[in-house]
Structures are given as structure tokens and as C-alpha cells.
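Listed below are the residues making up each chain.
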There are 4 protein chains.
Amino acid sequence: MQRIAYFGPSGTFTEMALAGLETAGAFDGTVERVTAASQPAALELVRAGDVDGAVVPIESSIEGSIPATLDSLAMSARLQIVAEIDLDVSFSIVAKSGTALTDVRTICAYPVAAAQVRLWLERELPDVEVRYAASNAAAAEDVANGLADAAVSTALAGERLGLESLASGVVDYEGARTRFVHVTKPRRAPAVTGSDRTSIVLELPNEPGSLFGAFAEFATRGIDLTRIESRPTRTGIGTYRFYLDCIGHIDDAAVGEALKALHRMAASVRFLGSWPAANEFGTAPPSDAPDSQWLAELREGRADL
Amino acid sequence: MQRIAYFGPSGTFTEMALAGLETAGAFDGTVERVTAASQPAALELVRAGDVDGAVVPIESSIEGSIPATLDSLAMSARLQIVAEIDLDVSFSIVAKSGTALTDVRTICAYPVAAAQVRLWLERELPDVEVRYAASNAAAAEDVANGLADAAVSTALAGERLGLESLASGVVDYEGARTRFVHVTKPRRAPAVTGSDRTSIVLELPNEPGSLFGAFAEFATRGIDLTRIESRPTRTGIGTYRFYLDCIGHIDDAAVGEALKALHRMAASVRFLGSWPAANEFGTAPPSDAPDSQWLAELREGRADL
Amino acid sequence: MQRIAYFGPSGTFTEMALAGLETAGAFDGTVERVTAASQPAALELVRAGDVDGAVVPIESSIEGSIPATLDSLAMSARLQIVAEIDLDVSFSIVAKSGTALTDVRTICAYPVAAAQVRLWLERELPDVEVRYAASNAAAAEDVANGLADAAVSTALAGERLGLESLASGVVDYEGARTRFVHVTKPRRAPAVTGSDRTSIVLELPNEPGSLFGAFAEFATRGIDLTRIESRPTRTGIGTYRFYLDCIGHIDDAAVGEALKALHRMAASVRFLGSWPAANEFGTAPPSDAPDSQWLAELREGRADL
Amino acid sequence: MQRIAYFGPSGTFTEMALAGLETAGAFDGTVERVTAASQPAALELVRAGDVDGAVVPIESSIEGSIPATLDSLAMSARLQIVAEIDLDVSFSIVAKSGTALTDVRTICAYPVAAAQVRLWLERELPDVEVRYAASNAAAAEDVANGLADAAVSTALAGERLGLESLASGVVDYEGARTRFVHVTKPRRAPAVTGSDRTSIVLELPNEPGSLFGAFAEFATRGIDLTRIESRPTRTGIGTYRFYLDCIGHIDDAAVGEALKALHRMAASVRFLGSWPAANEFGTAPPSDAPDSQWLAELREGRADL
């Protein structure tokens, strides 16, 4: 049995991601879900040993990187990402059994969610009064408690509370997806699949050359960077912090060599994990095997090379 | 008189940034403030010619880049950043005149704000009931309307509504700052000051080499990149989109040459402006003047070079 | 009338190159040929103002670079290459009128030449006795003076001395060519032709990064390096000296920018000239014009860019 | 017993280099010296299996690289350099016993040597008549045969023929040195000493990017290139050939990785050997050991990294 933390209460998109990972067999044995007060708090439970892992959002196609998650992963004791899942982010309109969409006069929503369904509400419920809730799941709870006729929430939250779904797939812009990751204490990375993702955090001296040098370590080895984000750390020592994702696995020769090279040049390199990618975007690093064999034979003095 | 749009209602941090730019003399003549329903909506008013400019947040030291602003600047008709201002992001606790902090039983807050002052509330108002509002300014309006005893809001919102400030500088983590920019239709950039920032959006072919090549254009010219962010555009053509800030001005020789080089190699280069930097972080590009003179004399055939 | 120095005596390959340049119209007006005791001595006559120019070999497809020429160009007062000519290097067998090849029992040759026609001699004159001369031209003089039956020499030397050619195009390996250059005091380079060559000498700090940086200045601007040669200068200060040729002209924007960038980073940059290339090997640098226009319009604030 | 070929006849500088390597213990057991007609011919004897190795000059501080040696190493079956020795190149004036310098009226010299001692002859023997010989060793033989009073030759040649040395260390410019290498069929390289040299020949596509990329493989790994020479091969396929020397050994991790990377990108990579350097010029590549250990522990999941 594994205890896995997530940003609750029950019914958030994060819990849906956790459920998706469970279905995909990401955890050994059964799972006990443990709610946490925030994304960083979920990660702190892992560090403290109170849980075996946590599921947190890391990147949204609409909002970009999730800073609270990234900063928590970059600082304090190192943790490691071991799996990912991409989730369509679309909302359900949930209400008590027997409510029709045309009956809805008041609707609860987490303000971030309300902003993402504004056009839908104007079109479908032009006269509705919007009331604000603390989370997507809390909006559904407010409906269960009789504080509003319906809620902009998740399918899971509605189901948990015995509510009915009046509409699903509700979103103003198509194709919004969020990536969630399963985080544990450091351990051996999952086996190479050939379609893997590796994530690191770099701190570099505040010099143009060091930046260029770091990218060169990837480019010259044919490694495809799929995400780059830099922010000055604005500490007294004048360093940048870089969040980099690449295609490949720490056990791939090219990635291993790039990490070694960065370890030599950077102020710090934090490995955030290698894990199977949820989609096929990007190019895997070239196999090192033919060149390694060539080098080994050359070192042995083979003549016909 | 200039009409300047901002994400309202009156009393948001964005309006405080607009006021700060006004004080700093960023606008010619008097300013009429025009509220917009969202950050992208404020920029659309500029594109439509309904206003002369807009003030929008672009980057937060806590949250990172503001995707809604960046994506709006990257797409549709080009706009140009002409000024910036950095604002300390800390909250005021506002209430009707005569309320003491110890009297507060219910407090309104925008959920994002509530999360940023959670520790403060636990310490100072351990038993308070939190109610949610649609924005920082709306929280203050709720107090003015008698819906709660106090609000987590901005100093400006409280002042507008005749509320008193029970506490200011309220924030769990010190040093949070947000950068706001003044955006207009394309025009000649403000004059070089020697401490300028330039921002561009690049689209590059999805190849490791092109990424490395783009950074080389900056590194080899001694240009200091202060922000890098890449996201796959996930369009059919497999390109990345890069948001880059560097120290320097489009009228600096080094920056001009780098832009020309990028224009030659990139799928697209969008110039988002050059403007005076609000702080001194980073290194200005080297002056080109001595080398230009040397080259000109060499071309003329001067012997002692 | 121009006085042009060359490594004599009359009849050397260098004089043939000088004659070829004369035929090609490389000199204004008539030419007075002035012999010098060595390649460096010919260049010293230019520096001293005793002659208007010199013709010297700079590179051989068999022997590679001619160090005596390169080192003389790299040191002392700067000179400038203004033209080049490629010459097939093959020998003539010359003898007094009435001599048949089958009559030849003794043959004079410059030892370097003897080595290049060894197989030919073994095949055509298996029993001949080889006697050594001080230069290709001197070998012909020895024949004119009755010291041998024939000489391995140049067509020009034979002609000057009234000797007959028993065989021409004599060489063991096909395709040997030598490049000769016309060198003057520094002056404005010949006009851009679109197929030009530029040559420089760099001194760099003895650091791997500086080397890489110098090449980056060319690579990132799409400039094609056609010759690279580095040798430690082995002076106390630990620098390398680099001899670089590229395709392009100092008046090309890309080449001018690369030179400026090298001037900023290198310990020293010596410009050896830009001149029309004798052949079409390599790729001309990209035209800067479209990008320059784009940049100029962007700087002016044009909206639709 | 080893059979070692060299460019003869007996008494050349190359034989002196062979003797120096013998003294330094470069060969196992006793050595039989085998003369060859040229530098390439000596290498062909190795390829044919007629000898165990060859000693050939590869680079001169005055003349630069020795093209005949390099081209022979670059083409035909691969050979491998296993040792080097640097030799001061200065001449001896040799004559029959009883001859004083003031008696010398005629002097034999290889023309290349005559050019290098011209100033010395003008100063010490202003009226001497110079006669030309086929090699430095042949000049001494001419004296032994009574064809001249003295010879510009090597100490070794004089000694062999029982001649006396009238002057030694004769050279116009101080510090001339030539590097000679011991070449064998491919075999395991000599053990790493920490001060080693590695030499390779690269063929690259005729594109600016490939050149830059090749240098990047060295620069990004902190490997110090000590010699670079490029020449177009001028074959139909439009490739360059690069001769590169670096500090380091094929068994060094950094050098091995650079070779693998070049093997992946280049049209061809020919390894010419790794061997102990005769001097200390340049910087050894960084040790890989700490980074390799870090990577290995990271892969195992160690937490405190």
C-alpha cells in the first residue's frame, strides 16, 4: 500500500491526475490518497517521509509552468519525478439531482476556473450570478451545502458528492492540457523506454558565456531541449536558475555525458528525474552504441578503422 | 491627453503600476484610465486604436512570466513595450473606519491573494472566516457593501472606497515583486540610456541546432540574456516559441546585429521593444564604437593597423 | 610603370606567376621585374618602398602553406594581398638546340624538383646522372654554361636562355598547383566581386574558449572558412597564431562584422587583404541587405514587421 | 630486434631522431635501421610489413607541418604514432681531418640547408664557393669523395664518414626545432602519462556549421587544441580535411567522448595516435572522475546529490 499526497480537497484536477496514474499502474499495490493544503505542502509530506509520493501539476498549456511546484522542486531536499500524465483541463457543471441547466440562477466557481469559462457562461447562462469558491472542489461542496444552484467544477468532485453533471467538457478554448507528475524521494529512475523525459535545474554564474556553454552541452550531443525557462535567482551571488527539460533518460549515454559536463561547469545541477514521456513530442538523443563500440575497438588498436 | 487601458476594476495592482508610471512621467500629458476585462482585453483595446496604450503585468518574482500577457504580445498584430515599472506586491488589510484588527471575524480575499497571506492570517487572525472574492479590488468592494468585516486588498482599492488600512505590507514571503509594462502600437523605441532591456519572441524550427544557433547570436556578441522561456507551440509545423529578454537596446550595434542574424535564421522574429530597465541587473553589451572605427580605417587602407 | 619584386633569378615559377598576373591586367601600366634573394626579401623591398609590389607563393596543393611567406606577412609592418593567381606546377626538360632526349646523359635539377620528377626520370631516362642546382632557373643556366646535357627547369627559364624544350608538363603526380599573391603596402582593397577571398592572422590567448569563440564569429555569420592553420607562437606569453582564409570581402557586411568581433576578443587581428578569388571553391557569405533593411524599418517603428 | 625505417641515407636529421628515440628507450630490444627513399616510402615499408616501424618528421618550427608525412598518414591504410622526439635543427661544418676553417674554398650543401645558413656563410666564409648536394648526408659524402673542401651537414653524417667538425650549432636563426614521430601499425596506444598528445584527421562536409560543430566537441569538453590545419581536399565531394592535435589521450574520458562525437558527425575520423608529449605546452583535459562518480551515484538514486 502506498500513501500518495495531492492538493485537495477531494475532487480537484490533481486528484483526477492521481486517479489516472493509478489506472495506468503507476503505483505498486493499492493507494491511500492523502490531501495537502497546497502543492508545496504535498511535496513537503514526501520530504518528511509522511507519504510515499505526491502528485502535483507542473505545466499547463495555457498557464505555462507552475511556479509553486518548480520552486519547491528546485529548493530544499531533492525529490525526483518518476512518472507524468497529461490531463485535458475542461470543466463540468454540476448540480443536485433534478436540476436542469435552465434552472440555474446562481453558480459557484473558483475564480481561475470562472475566467476560463467566461464565454461559455455568457452564452449558456447569460443571467447567472457567479459566486466565488476556494477551489474547484470547494465549489461543488458549496452546491452540496445549498449555497448555490450549480458549480463550475470537476467531474470527480461532482461524483464524490452525488451531484449530477449538467454539462461536461466546458472550456472557452479547446486543447487546454495540464501535465501532472508523480514525485518521490530520490531513487533509481524507471527503466529507459526510448521515449523519455529528463528534467534538471541549473544554477549558472551570471555570465553570457556560461549560458551558451550550458546549451552547447545539449546541442553538441544532439539532445533535444523541450522546455527552457530561466529566471534570475536575485540572490546576492548573481546567478540564474534554469529549468530545463530534454528528451532522453539519465541512462542514455548522451544525457549522462551532458549531465557530467554540466556538473563540471555549473554552480549547481539538480536532477529532477527521468521518466517515460506521455507523448511523442521531440527527438530522442542519438544512440551512442555504434560510436562507443568504434571507440573501444580503436582504443584496443584495431587496424581497419 | 492619453487614454491608457488596464485590467480593472479600479484598485488592482495593475492600476497602482499605471499610477506609478504616471508619477514617473511615462506618459505625455494627462492620463485617462480605461478599465478592461482582462490583460489580453487591455492589449486588444490598443490594437483597435480605442486607447493610446495599456499597462499590463509581464513577470512576477513569485509566479514567473504572466502567460496571458506574453501570449497576447506574441500573437495577433505586433505591439511594443516602451516602459516598465517594478512593484512590490504586498497586501493591505482594509476595513470600514472604526474597525480594529481584533474585531475582524470575516475577511474577503481573492483566492490567489489568500494563498499568499495564509501564514499571516493564521498568526494574526487565527479564527477568521475567509470568504472569496473575484479580484483584489472586488474584495474591498465586498467590505464596502457590508459583506465582510475586512478584506485582503490593495492600498489603492481601500483608499478609493474610503476604507481604512488595518495593516500594510502583508505578505508571507518577503521580496515579491511584479513587473508591469507600458505597451503601445509600434513606434520608434525610447532613446538609448545605457541600461536598457530588449524583448523578442522567436519561432525556430524544431531542431537542436537552431536553438543553439539562436543563443550563439547573443553569446558571441557579448549580449546578456536575462530571461529565456521556451514552449512548444504545438502547431502542426513543429516549432518552438522562445521569449527572450536581453540587456541592451535595438539601437545598440550588438543588439541590432543579433536581431539581423536571428531574422536570417529564424522562422520568425517578433520585436517586443527596447526600453529603459527599472533595475541594474545584468551586463550591458560592449560598445561597438572602437571596433567600428578600426574597421572603417582598415577598409580605407590605413597602414598602421 | 610599376616595379614588382619576385624571388629570382629570372625563370622561376614565381616569375611565371608574375607574368600571368601581368597578362591578366593586375598591374597598372608597364612592369619592371626586380629579383630578390628570397620570398621574405621580396616582401622587405615592398616595406622599404624600393618596389611597388611583390609576387610571392603562398600555398601549394602539394606542400601546403609556404611558411616563409606567411611568417613574413604575419610579422613586421603590415602588407596587403591584392590579387592571386593559381599556377600549374609542372616542369620542362630543356637542353641546347639539337639535343634529343635520348642523348641526355647528365641532367641538372633543383633537388626539390628532382624529387617531384623522380618517377618520370626513372621511366624516361633510367641511366641519367643527376646533378644538383641552386634553383629551377639555375639548373637551366648550368645547361647554358655547358655543365650538363639537360635541365629539369621551367618553360620560362629555357626560353630566356635560348634552350629548347625536350618535354613539358613533366611531373609525377597530376594536378599540383601553387597559389601566388600580389602584395602591396596597405591600401583600399579591390572592389567586391561576389567571389572574393579574405585572409587574416589572429593571435589569441592560449585558452580553448578563445579558439572556439573566434571560429564562432565566422560560423554564426555564415562565413565559409577555406583555410585554417594554427601554430603556437612559442613566445613567453603563450599565444597561438592563426592563419585564416574565408570566402568574402572586408566590404561585405558579414565579414566586416566578424572582423570587428575578432578585434574585440583577440590579442591581435592582422588583416592581410581581400581580393578576387581565382576559383569558385566555397560559399559566399549571405547578403546582409534584406536583414539590414528589416532592422532599419524596425528601428523606425514600422508596425507590420 | 626491431627493424625501423627512416629517410636516408645514413646521417640525416631523421636518423639522428631515430638514434635519440633509441637512447630514450622507445624501442623494445635492439634496432636495425632501414633506409627509405623518402618519408612516404618509409611509411609504406611499415604498411607492407617489411619493417616494424618508421621515424619521420612531422612538424618544423620554421617550416610548419611536413605535408608529405601528413598526407601519407591521412591516406592509404591507417598507421599510428606511438612516440615523438623534438630535435634542435642546427648544422655542422664537416671536413677531412687536418682541414682548418680558413682553408675552406668550396663547400657542399643541400640547397634547403644552404638557405638556412646563408648569413653564417657570408660572415664566416665570405668568399666560399657553394656546390649543391642531394641531401645533408650526401653533402658530407661529397667531401669524403674529394669533391669539395667542406660540407654543411649533420654531426652524425660527419662522424659516420670519419670527418672532423669545424663548427657545430650552425644556423642563422636560433631555436629551430623539428618534431619527429615513431610510427607503427595500429596497436594499443602507450599508457596515459597525464601529458599526452592525440592527433586525428577529420573529413567534414563543406559547410560552415560542420566546422564549428567539430571544434565545439573539443571546446565544450575543455580539450586544448594545439595544432589545427585545414585544406580543401578538392575531390569531387567537396570536403575539407582537418589535421588536429590536442592535449590528452584516447583513454582520457574527455578525449574519448570527443572522438565518439566526431565519429557521429564527421564524414570520416582517422585516429593517428596518442603518445607522451615531448614538452609541456598546453593544458591537459579535465579529469572526468569526480563527474563520473557523481553521475553513477545519481543514477543509483542517491538522495543527497
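Not measured: the values here are computed from a predicted model.

Novice: Before we move on, could you go through the packing of aromatic side chains and cite the residues and values that matter?
Specialist: Per the stated rule, a full pass over the model turns up 10 aromatic pairs over all chains. Centre to centre, the rings of Phe215(B) and Phe242(B) are 6.2 Å apart; their planes meet at 90°, and the pair counts as edge-to-face. Taken together, the positions of Phe215(B) in helix H8 (residues 208–219) and Phe242(B) in strand S14 (residues 239–247) put the pair 27 residues apart, joining distant regions of the chain. The residues Phe215(B) and Phe242(B) share a single accessibility class, namely buried. Ring centres of Phe13(D) and Phe91(D) lie 5.5 Å apart, and the angle between their planes is 75°; on these two criteria the pair is classed as edge-to-face. Linking Phe13(D) in helix H1 (residues 13–23) with Phe91(D) in strand S6 (residues 91–95), this pair joins segments that are 78 residues apart in sequence. Residue Phe91(D) is classed as buried on the basis of its relative accessible area of 3%. Three or more aromatic residues joined by ring pairs form one cluster here, namely Phe215(A), Phe242(A), Phe215(B) and Phe242(B).

Novice: Account for the interface of chain D and chain A, naming residues and giving values.
Specialist: Opposite the 34 residues of chain D that make contact, chain A presents 34 residues. When chain D packs against chain A, the two sides together hide about 3,300 Å² of surface, and 52% of this comes from carbon and sulfur. At the surface where chain D touches chain A, the tally comes to nine salt bridges. Across the pair Asp288(A) and Lys260(D) runs a salt bridge, and its minimum N-O distance is 3.2 Å. Taken together, chain D and chain A are joined by 22 residue pairs in polar contact (both at pLDDT 80 or more).

Novice: So what's going on with the domain arrangement of chain A? Which residues, and what values?
Specialist: Each assigned domain of chain A is listed with its residue range as follows: domain 1 (91–170) and domain 2 (188–304). Using C-alpha coordinates to define each centre, domain 1 of chain A is positioned 45 Å away from domain 2 of chain A.

Novice: Account for the UniProt feature "site: Essential for prephenate dehydratase activity" (unreviewed entry) in chain A, with residues named and values stated.
Specialist: All names here are of chain A. In the numbering used here, UniProt assigns the "site: Essential for prephenate dehydratase activity" (unreviewed entry) feature to Thr178. Inspection of the secondary structure assignment puts Thr178 in strand S11 (residues 177–184). Beyond its immediate chain neighbours, meaning those up to four positions away, Thr178 contacts Pro57, Glu59, Ser60, Ile85, Asp86, Leu87 and Val89.

Novice: Can you explain the sheet that holds strand S9 (residues 150–153) of chain A? Please cite residues and give values.
Specialist: All names here are of chain A. Pairing is mixed in the open sheet, where five strands are placed in the order S8-S7-S9-S6-S10. One side of each edge strand has no neighbouring strand; the edge strands of this open sheet are strand S8 (129–132) and strand S10 (164–170). Strand-to-strand twist across the sheet, computed as the mean angle between neighbouring axes with direction ignored, equals 25°. Examined bridge by bridge, strand S6 (residues 91–95) and S10 share four bridges and lie antiparallel to one another. Bridging from a neighbouring strand, Val94 pairs with Ser165 of S10. Packed on one face of the sheet, helix H6 (residues 136–144) meets S6, strand S7 (106–109) and S9 and runs near 165° to S9.

Novice: Residue-level account of unusual backbone geometry, with values.
Specialist: A positive phi angle, near 60°, is found at Ser76(A), a position not held by glycine. Looking at the secondary structure, you find Ser76(A) in the loop between helix H3 (67–74) and strand S5 (80–88).

Novice: Account for the sheet that holds strand S7 (residues 106–109) of chain B, naming residues and giving values.
Specialist: Residues and elements named next belong to chain B. The mixed open sheet is built from five strands, whose spatial order is S8-S7-S9-S6-S10. With one partner strand each, in any of the chains shown, strand S8 (129–132) and strand S10 (164–170) form the two edges of the open sheet. Neighbouring strand axes in the sheet, compared pairwise and without regard to direction, differ in orientation by 25° on average. Inspection of the sheet shows S7 paired to strand S9 (residues 150–153) by two bridges, in the parallel sense. Within the sheet, the bridge partner assigned to Ile107 lies in S9 and is Ala150. Where helix H6 (residues 136–144) meets the sheet, its contacts fall on strand S6 (91–95), S7 and S9, and the angle it forms with S9 comes to roughly 165°.

Novice: Please provide a residue-by-residue account of the pairing of strand S2 (residues 31–36) of chain A, values included.
Specialist: Residues and elements named next belong to chain A. As paired strands, strand S1 (residues 2–7) and S2 are joined by six bridges and run parallel to one another. The residue bridging Ile4 from the neighbouring strand is Arg33, located in S2. In this view, the connection linking S1 to its parallel neighbour S2 by way of helix H1 (residues 13–23) has right-handed handedness.

Quick notes on the rules
- Here, residues in each chain are numbered from 1, in the same order as that chain's written sequence.
- Labels are handed out in written order, letters beginning with A for the chains and numbers beginning with 1 for the ligands.
- pLDDT decides what is reported in this predicted model: residues at 70 or higher carry local features, side-chain atom pairs at 80 or more are listed and counted, and totals for whole chains, interfaces and linings draw on all residues regardless.
- In computing side-chain values, all of the structure's heavy atoms are included and hydrogens and water are not.
- Put simply, two rings from Phe, Tyr or Trp (the six-membered ring, in Trp's case) pair if the centres are within 6.5 Å, and we call them stacked under 30 degrees between planes, edge-to-face over 60, tilted for the rest.
- The way it works is that DSSP assigns letters per residue, a run of H or I at least four long becomes a helix, a run of E at least two long becomes a strand, and they are numbered from the N terminus.
- Each residue gets one of three labels from its accessible area relative to the maximum for its type: buried under 20%, exposed over 50%, partly exposed in between, using a 1.4 Å probe on protein chains only.
- When checking whether two residues touch, look at their non-hydrogen atoms; a contact exists if any pair is within 4.5 Å.
- Here the quantity called buried area is the total loss of accessible area, with a 1.4 Å probe, experienced by two parts when brought into contact, counted for both.
- Basic side-chain nitrogens of Lys or Arg form a salt bridge, by our definition, when they fall within 4 Å of a carboxyl oxygen of Asp or Glu.
- Within 3.5 Å is the distance limit for a polar contact, defined as a pair of N or O atoms, with the added protein rule that one can donate a hydrogen and the other accept it, and that residues adjacent in sequence qualify only through two side-chain atoms.
- Each domain's extent is set by a domain assignment, obtained either automatically or from a database.
- UniProt positions are given in the numbering used here, feature names are shortened, and annotations may be inferred rather than shown by experiment.
- Strand pairing follows a simple DSSP-based rule, namely that at least 2 bridges must link the two strands.
- Axes, fitted as lines to C-alpha atoms, cover a helix only where it is in contact. Angles between the N-to-C directions of the axes lie from 0 to 180 degrees.
- The handedness rule is simple: strands pointing away from the viewer, and a clockwise path from the first strand over the helix to the second, make the crossover right-handed.

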